[in-house]
2 protein chains.
Amino acid sequence: MKYILLIIALTLLSSNTYADRLTSEPIKIIEPANNLNMGMVELGKKLWFEPRLSRSNFISCNSCHNLAKGGVDNLPSSIGHEWTIGPINSPTVLNAELNIAQFWNGRARDLQAQASGPIDNPKEMAFTHTLAVETLNSIPQYKNEFTKVFGNDMITIDKVAMAIAEFEKTLRTPNSPFDLWLKGDDNALNQTEKDGYKLFKEKGCIACHSGALVGGSTYQKMGLIKPYYTSNSDVGRSAVTGKDSDKFVFKVPTLRNISLTYPYFHDGAVWSLKEAVIIMADLQVGQKLSDDEADKITKFLHSLTGEHPKVTLPQLPPSSAETPKPNMH
Amino acid sequence: MKYILLIIALTLLSSNTYADRLTSEPIKIIEPANNLNMGMVELGKKLWFEPRLSRSNFISCNSCHNLAKGGVDNLPSSIGHEWTIGPINSPTVLNAELNIAQFWNGRARDLQAQASGPIDNPKEMAFTHTLAVETLNSIPQYKNEFTKVFGNDMITIDKVAMAIAEFEKTLRTPNSPFDLWLKGDDNALNQTEKDGYKLFKEKGCIACHSGALVGGSTYQKMGLIKPYYTSNSDVGRSAVTGKDSDKFVFKVPTLRNISLTYPYFHDGAVWSLKEAVIIMADLQVGQKLSDDEADKITKFLHSLTGEHPKVTLPQLPPSSAETPKPNMH
């Protein structure tokens, strides 16, 4: 009798019904954003699309993290001021709040710490924080909106970053087929996708790619088992920690919406998701995947594409006579 | 008795009540768009925001005709492929359908004829029509959408332009304060704005700036009474007609939403609307405006800013393995 009860208990535990997938599976669902300051979100959305935060008045956050394109630019590395080609692949802004830290090397602890970085990066928006604030200060409608949101009309780069971050927090992609399956809808995934997920766990990919982001929670060496060869000179996390052991260590990227965020890796060297899967399995977990296995894992990864936020373009307030003029060079 | 009747009739004719402003005033209201093919509009919206219509995959129609910024880029002249600075100021796409023709020199008869131009202009999107069509052809979701809209899956540059044009037709800005006044709301304009409009007519600005667009219906020499000095080398309409008499002749720009579409003139040389008013009055109609007159006309012009279309960003379909890769150079 005891054995029978044990068998029943074990069967229940492993039955993977909707009641326990949410807790037992190593991948967690993406929850919609909540507890947001909606006034700050609206201000942040304006700043997100605001090219006057760049020296040329041509580049905005959305230029490289395009919300019509999975929150990326689908370029190997981004185009910045005066057509400077940036050093690294643009990571997606979708669900970015859930990352352990921001940027590939984790040099910003959160979205707010990240948001002001590109503004004064000479290879990106090439402005200065002082001029960005001066620009916003010169525009009466921004003055009013900052006052409404922050209680006084003193505009600072920290407030700018805080508002952009608040908008970015809205950019979640819930209800992917995989999440619906996690929530109990057995038909949300077909058999190939389920097989792919099983392989994804069995082959060890899940060791780094787990949690709500299916990644984004640890740093790992690119080329853990075998070296990764690239012409990209980025040294990764050692630029932050100063440690030699952190050379070529990067934040494990999220696999959420990965079917949209090609090309892949920090150097944007690989355009095919299946090829990226094969390379990662080989270099990171020492697994030679068969063509069929790679296909199935790739199909599972496609099921991680969620519902994208509906973003209505803001109307940016006009400049005044005091607004600094764009500088093309 | 006859005289009394005549006086009553004349009084009624000139009484400017809402019943007759719509017909008697030389400026007409902006009607909302109608009779549109909504499937084509949706496809056109995707193509409008589609950077894969450019060689770099970085520039879309919206880069220079930014719908968050009055349908322009607010730059003296636009930034194109490899940071090429274009030859002329980007005209607004808002209400553009109502123009007599498209581009400053009128070289495209309508929106459809215009829409494919920037795609293969080496200073703008720097692509070829062949590669643009090949790109769209390689993306299954576009194939499906073209089939749904056009009845077959043959994608051509003409269909691309037709769809973009259909989307652009939605970009009307009705219900400006001035239009509400035209429709009979006496309080939609304050006294200064009404005085400005009176001056605008009395000084002769109305000769070219009339109709629904407050412009856009004729070509005129830039510097009609006195010469206009500029470092911009564009010869204007003579490039289209081959006539020497059309040198420095440009399409009269719309004044709709003019408070948002700075900097002004084909060379984008003037940032202040009031300064632009003073220069135009001097060079085009030989009127030296007082500071007060220029102020009033400028305030009237601000009343031409209408309700902007609510544009929700599309989700662009992902590339396939066959999609041509971006070319940054």
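Preceding this paragraph is the structure being described.
This one's a predicted model, so the numbers in the text were calculated from it and none came from an experiment.

Now for the relation of the copies chain A and chain B. By a simple turn and slide, chain A fits onto chain B: the slide is 0.0 Å along the axis, the RMSD is 0.0 Å, and the turn is 180°. Read as a symmetry element, the transformation amounts to a two-fold axis. Relative to the rotation axis, the closest C-alpha in chain A is found at Thr312 of chain A, a distance of 2.0 Å. Of the residues that chain A buries at the interface, 100% are likewise interface residues in chain B, meaning the two copies contact each other through the same surface.

Okay, helix H6 (residues 129-137) of chain A next. Residues and elements named next belong to chain A. Those residues of H6 that sit buried are Ala132, Val133, Thr135 and Leu136. An end-on view of H6 places all buried positions within 155° of arc, on one side of the element. Buried residues belonging to H6 abut helix H3 (38-48), helix H7 (140-150) and helix H8 (157-168).

Many structure descriptions define interface size as the accessible area lost when the parts assemble. If you look at the interface, chain A gives 42 residues, while chain B gives 42 residues. In total, about 3,500 Å² of surface goes out of reach between chain A and chain B, with carbon and sulfur atoms giving 72% of it. Considering only the surface of chain A that becomes buried against chain B, Phe58, Trp83 and Leu313 of chain A emerge as the three largest contributors, covering 23% of it. At the surface where chain A touches chain B, the tally comes to zero salt bridges. Along the contact surface separating chain A from chain B lie 13 residue pairs in polar contact (both at pLDDT 80 or more).

Counting residues in each nonpolar core, the largest one holds 82 residues, and the members touching the most others are Leu47 and Leu67 of chain A together with Leu47 and Leu67 of chain B. Where this core is concerned, the elements lending two or more residues are H3, H6, H7 and H8 of chain A together with helix H3 (38-48), helix H6 (129-137), helix H7 (140-150) and helix H8 (157-168) of chain B. Beyond its immediate stretch of four places on either side in the chain, Leu67 of chain A contacts Trp48, Phe49, Asn62, Val93, Leu94, Phe167, Leu171 and Val311 of chain A together with Leu313, Pro314 and Gln315 of chain B.

Moving on: the packing of aromatic side chains. Aromatic rings in a pair are described by how distant their centres are and how their planes are angled relative to each other. Counted under the stated rule, the structure contains 24 aromatic pairs over all chains. With a centroid separation of 5.5 Å and an interplanar angle of 40°, the aromatic rings of Phe178 of chain A and Trp181 of chain A are classed as tilted. With Phe178 of chain A and Trp181 of chain A both in helix H9 (residues 177-182) and three residues apart, this pair spans about one turn of that helix. The class for Phe178 of chain A is buried, based on a relative accessible area of 0%. Ring geometry for Trp48 of chain B versus Phe167 of chain B: centroids 5.9 Å apart, planes at 55°, classification tilted. Of this pair, Trp48 of chain B sits in helix H3 while Phe167 of chain B is found in helix H8, placing the two residues 119 residues apart along the sequence.

The rules behind the values
- Residues numbered from 1 in each chain as written.
- Chains lettered and ligands numbered in written order.
- Predicted model: local features only at pLDDT ≥ 70, side-chain atom pairs only at ≥ 80, totals over all residues.
- Heavy atoms only, no water.
- Least-squares fit on C-alpha atoms with pLDDT ≥ 70 in both.
- Contact = heavy atoms within 4.5 Å.
- Buried < 20%, exposed > 50% of the residue type's maximum accessible area, 1.4 Å probe, protein only.
- Helix = DSSP H or I, 4+ residues; strand = E, 2+ residues; numbered from the N terminus.
- Arc of directions from axis to C-beta.
- Buried area = accessible area lost by both parts, 1.4 Å probe.
- Salt bridge = Lys/Arg side-chain N within 4 Å of Asp/Glu carboxyl O.
- Polar contact = N/O pair within 3.5 Å; in protein donor to acceptor, adjacent residues only side chain to side chain.
- Core = buried A, V, L, I, M, F, W, Y, C linked by side-chain atoms within 4.5 Å.
- Phe/Tyr/Trp six-rings, centres within 6.5 Å; stacked < 30°, edge-to-face > 60°.

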